[in-house]
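Fold and contact review
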Amino acid sequence: MLHFDKKDNKKDNGKIQDKKSNSKSHYVNANKDDSASEDSDEEIIALHTTSSAIILPTAIIKARGKDGQWHPLRALLDTGSQDSFISENAAQSLNLPRTKVSTNIKGIGEVHAATCKSTIELYISPRFESKFKASTKAFIMPKLTSLLPSNTIKTSFNPQQYKNLPLADPTYNIPGNIDLILGANVYAAVLKPDINKEENGLMAQNTKLGWIILGKTTNVTTQKEVISMVSLAEIDKTLRDFWEIDVANNTTEDLQEVCELHFKDTHTRLENGRCQVRLPFKKETEMKLGDSRSQALARFLSMERKFATNPELKQEYAKFMNEYEELGHMTMAPNYIGSPYNVYYLPHHAVFKMESTTTKTRVVFDASCKSSSGISLNNILHTGPKIQQDLTQILTRWRKYSIVCTADVEKMFRQINLHEDDRNYHRILWRDNTREAVKEYQLNTVTYGTGPATYLSVRVLKQLAIDEGDKYPKAANILQQDFYVDDMLTGAHSQEEAEEIYIQITKLMALGQMNIRKWTSNSMELMQKIPEESREKGIIQIKEDETIKPLGIH
């Protein structure tokens, strides 16, 4: 078992100095977080540098949750960290009891990074069958690092003598989230003597978690290098955002072409006008799904235990799922016997939107949950490029109209059919009560929580404008430039034009089997023309405290 011995550290050079006689200081890796507090009991200096040309050692491991099930997590093995860290999302998935702490984390130059408020005792094991088990305390952080590696690296580390040995992380060369940072003492405990260096600059090191890959390479998909590090000073956030956007735009053109061709080749309009789409799978053959049902079942059973102590949540959840089935958005799935490569089970949980005037409790599906291979459904799907205008542009144009109006598309994602051949990747587990067996369903529509859901939905709106725009040109123009995902912000300079917009938008959306609702406007005359069931409560009051919040802006 692995445990950390804490000792007070005092340095003559003043870089680390205890503020209290019983406090401790630790070297760690962490990203900057403005939520750090100066009043915490401990200070931790964070040192961390990554590069798109550097592969850092990662491993897919299993961590035991409160339910006794083993959950796959992606870990970074870091010899520069004295402690281990886990992301808040990963900690929530394990649902382990927490111990309260107050640990202040700082970056180089005493820059505030974050404050850890709790820890968990973590039990880990390799992703494959092994007798090796370890435990360590992990500090819980909101987020650990950016994606690692920064870019896809077109290389394979598979020397002949190691080809039959398991890699700790089969996705070591593909950008992905880091759920866990394992510190130096964990690294020392798992290390084995076997090592292999290659001429391409990479190295393979054998560990009890599998073979880890690390080293420098220049064989990346983009030539622009991205360096992510904890700054020496408070770098202006706008400047950092600029560089992130610049790098993103570097790959947008190719991605847009791939996704656009896929959409054009695979989408169809059904007889009733509804659009049907296919999932945009990536081409990487090494990205294979493993078993996902076990994890989905464990999380479902955990949720059922919450239902037992919260009957109101159970009632609202069941109401949502029953509606899902009644509308045909999910149906019973046929028995599946085949490779796990071609099926995926989506875990699901409730979210609460108290400001909603329609559904307070909604069910969200988690397509980022890793299967037993360390790969999730979102890992093998393109998210798609951003094809809508910036929100700033939409809002600026919206404020120029003398008559403004907003509305949204009812259940927009679920108004778009998913092709039958792709529904095996949208399986879920559900039952109304614990006296029944757990049932398998498949989701038949575009699903919130999957990477390409937003892109596919926005692209369908644009296709509707292309297909039917000659009938309703004003509405077609609004679909192209005045929608932000499912929210419409548009306007007019006369009452007649505003009423024409309402008529055209309603009719155009109906041709795609979509309903636009929750209309609001600063024109009472326009609102009186709209049926009450299609109106939002309240009116828009420009330059005053608004009675509604367009786009959920707070």
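Report follows, based on the coordinates. All residue numbers refer to positions counted from 1 along the written sequence of the respective chain. Thresholds applied to this predicted model are a pLDDT of at least 70 for local features of residues and 80 or more for the giving and counting of side-chain atom pairs; totals over whole chains, interfaces and linings are not thresholded and use all residues. Only heavy atoms go into the side-chain values, all of them from the structure, while hydrogens and water stay out.

**Structural notes on the pattern of salt bridges**
Applicable threshold: Salt bridges are counted wherever a side-chain nitrogen of Lys or Arg sits within 4 Å of a carboxyl oxygen of Asp or Glu. Numbered from the N terminus, helices here are DSSP runs of H or I no shorter than four residues, and strands are runs of E no shorter than two. Burial status follows relative accessibility: with a 1.4 Å probe on protein chains alone, a residue under 20% of its type maximum counts as buried, one over 50% as exposed, and anything between as partly exposed.
With the rule as written, the count across this model stands at 22 salt bridges. Here Asp366 makes a salt bridge to Arg299, at a shortest N to O gap of 2.9 Å. Linking Asp366 in the loop between β20 (361-365) and α6 (391-398) with Arg299 in helix α4 (residues 293-309), this pair joins segments that are 67 residues apart in sequence. A single burial state applies to Asp366 and to Arg299, both of which are buried. Of the charged contacts, one joins Arg414 and Glu323 as a salt bridge, the two residues approaching to 3.6 Å between their closest N and O atoms. Here Arg414 is found in the loop between β21 (403-409) and β22 (417-418), whereas its partner Glu323 is found in helix α5 (residues 311-326), with 91 residues between them in sequence. Residues joined by salt bridges that share partners form a network here, namely Arg269, Asp467, Glu468 and Lys471.

**Points about unusual backbone geometry**
Look at the link from Leu148 to Pro149: it is a cis peptide, with omega at -15°. Position of Pro149 relative to the elements: it lies in the loop between β10 (134-141) and β11 (180-182). The backbone of Asn95 sits at a positive phi, close to 60°, despite the residue not being glycine. Taking relative accessible area as the criterion, Asn95 reaches 36% and is therefore assigned partly exposed. Its identity as a non-glycine residue notwithstanding, Val485 has a phi of 55°, on the positive side. Using a relative accessible area of 18% as the deciding quantity, one classes Val485 as buried.

**A closer look at the packing of aromatic side chains**
For clarity, the cut-off: Ring geometry is summarised as follows: Phe, Tyr and Trp rings, the Trp one being its six-membered ring, pair when their centres sit within 6.5 Å, and such pairs are stacked at plane angles under 30 degrees, edge-to-face over 60 and tilted between the two. Cation placement over rings: the criterion is NZ of Lys or CZ of Arg within 6 Å of the ring centroid and within 35° of the ring normal.
According to the stated counting rule, one finds 9 aromatic pairs in the structure shown. Look at Tyr502 and Trp519: their rings are 5.1 Å apart centre to centre, the planes differ by 80°, and that puts the pair in the edge-to-face class. Residue Tyr502 is found in helix α9 (residues 495-511), and its partner Trp519 is found in strand β27 (residues 516-521); the two are separated by 17 residues along the sequence. Like Tyr502, the residue Trp519 is buried in the burial classification. Positioned over the ring face of Tyr123 is Arg64, at 5.1 Å from the centre of the ring. Sitting over the ring of Tyr324, Arg414 keeps its end group 4.0 Å from the ring centre.

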